[in-house]
Amino acid sequence: MEMYENENDQVDAIKRFFAENGKALAVGVILGVGALVGWRYWNNHQVDSARGSSLQYEDTVSAIQADRPETLAAAEKFAADNKNTYGALASLEVAQQFVDKGELDKAAAQLQQGLAAAGNDNLKALINLRLARIQVQQKKTDEALKTLDSVKGEGFASIVADLRGEALLSKGDKQGARSAWEAGVKSNASPALSEMMQMKINNLSV
């Protein structure tokens, strides 16, 4: 798995994947349709539905980025109505809006909704990382640690280690935080993340 410095890089990578491969995936579905008319109709319907969701998602994100007053409610509705990858990605966008407003409970609820819609393991991991970060901010450290336990994959190890250290330090467990960050430094972390964790370790000694 490709290594990333933070969750934003990973979200961008997933968005690029669907943008670059969405049409190819749709073509693959169509080519795989059997001779039965019913199957052809069903698959074509699925492809059209996915294409429509993709366009709606792009419009929703563009509106959010334009900071239109009516956008957030529309984006929430899109995320709730689309139980697929695009709905999950929209939940990430909406959750970030709530974080920026300081409404962490609403942000966490959006991410939980996104988790239920996400079918991709990497996307689920990204949502869980965002959720754990919010839970740390909410001082729900035990919940954050449990959320981090569900994130699997070597590519996420360094970010998990960093967040685990933050959660443990919030609980007053300095030794646990040190161990988590030391493990993160030894993992395949990006130079910037590795340096940041080393600074946190050094600050524990101050």
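What you see is a predicted model; the values in this text were computed from it and never measured.

Judged by nonpolar contacts, the single largest core of 23 residues is most densely connected at Leu129, Leu148, Val151, Phe156, Val160, Leu163 and Trp181. Residue assignment for this core shows that the elements contributing at least two residues are α6 (121-137), α7 (141-149), α8 (157-170), α9 (174-186) and α10 (191-204). Ala88, Leu115, Leu131 and Ile134 belong to the second largest nonpolar core, which has 19 residues in total.

For the structure on display, the rule yields six salt bridges. Across the salt bridge formed by Asp81 and Lys77, the nearest N and O atoms sit 2.6 Å from each other. Within this pair, Asp81 and its partner Lys77 are both found in helix α3 (residues 71-81), separated by four residues, close to a single helical turn. Among the ionic pairs, Lys106 bridges to Glu103, the shortest N-O distance being 3.1 Å. A relative accessible area of 26% means that Glu103 is categorised as partly exposed. Ionic contacts of the salt-bridge type, sharing partners, join the residues Asp162, Glu166 and Lys200 into one network.

In this model, helix α5 (residues 104-117) (14 residues) spans 20 Å end to end at C-alpha, consistent with the 20 Å of a helix rising 1.5 Å per residue. All of the buried residues in α5 are Leu104, Ala107, Ala108, Gln110, Leu111, Gly114, Leu115 and Ala117.

Next up on the list: the confidence of the model for the chain. The share of residues in the chain with pLDDT of 70 or more is 66%, and the mean pLDDT across the chain is 78. Overall, residues 23-50 carries pLDDT values under 50, and its contacts beyond four positions in sequence, including any with other chains, amount to 12 contacts.

A separate point is unusual backbone geometry. Not every positive phi belongs to a glycine, and Lys139 is a case in point at roughly 65 degrees. Take Lys139: it is sitting in the loop between α6 and α7.

Let's shift gears to α6. The end-to-end C-alpha distance of α6 is 25 Å, a good match for the 24 Å that 17 residues give at a rise of 1.5 Å each. Buried residues dominate α6, accounting for 12 of its 17 residues. Where α6 begins, the side chain of Asn120 points an oxygen toward the backbone nitrogen of Asn122, at a separation of 2.8 Å. Positioned one or two residues after α6, Lys139 has a phi angle of 65 degrees, which is positive.

Before going further, it helps to spend a moment on the environment of Asp142. Assignment of secondary structure puts Asp142 in helix α7. Given a relative accessible area of 52%, Asp142 falls into the exposed group. In the structure, Asp142 is positioned 10 residues away from Ala132 in sequence and 9.8 Å away in space, judged by C-alpha atoms.

Conventions we followed
- Residues numbered from 1 in each chain as written.
- Predicted model: local features only at pLDDT ≥ 70, side-chain atom pairs only at ≥ 80, totals over all residues.
- Heavy atoms only, no water.
- Core = buried A, V, L, I, M, F, W, Y, C linked by side-chain atoms within 4.5 Å.
- Buried < 20%, exposed > 50% of the residue type's maximum accessible area, 1.4 Å probe, protein only.
- Helix = DSSP H or I, 4+ residues; strand = E, 2+ residues; numbered from the N terminus.
- Salt bridge = Lys/Arg side-chain N within 4 Å of Asp/Glu carboxyl O.
- Expected span 1.5 Å × (residues − 1).
- pLDDT = per-residue confidence, 0-100.
- Contact = heavy atoms within 4.5 Å.
- Polar contact = N/O pair within 3.5 Å; in protein donor to acceptor, adjacent residues only side chain to side chain.

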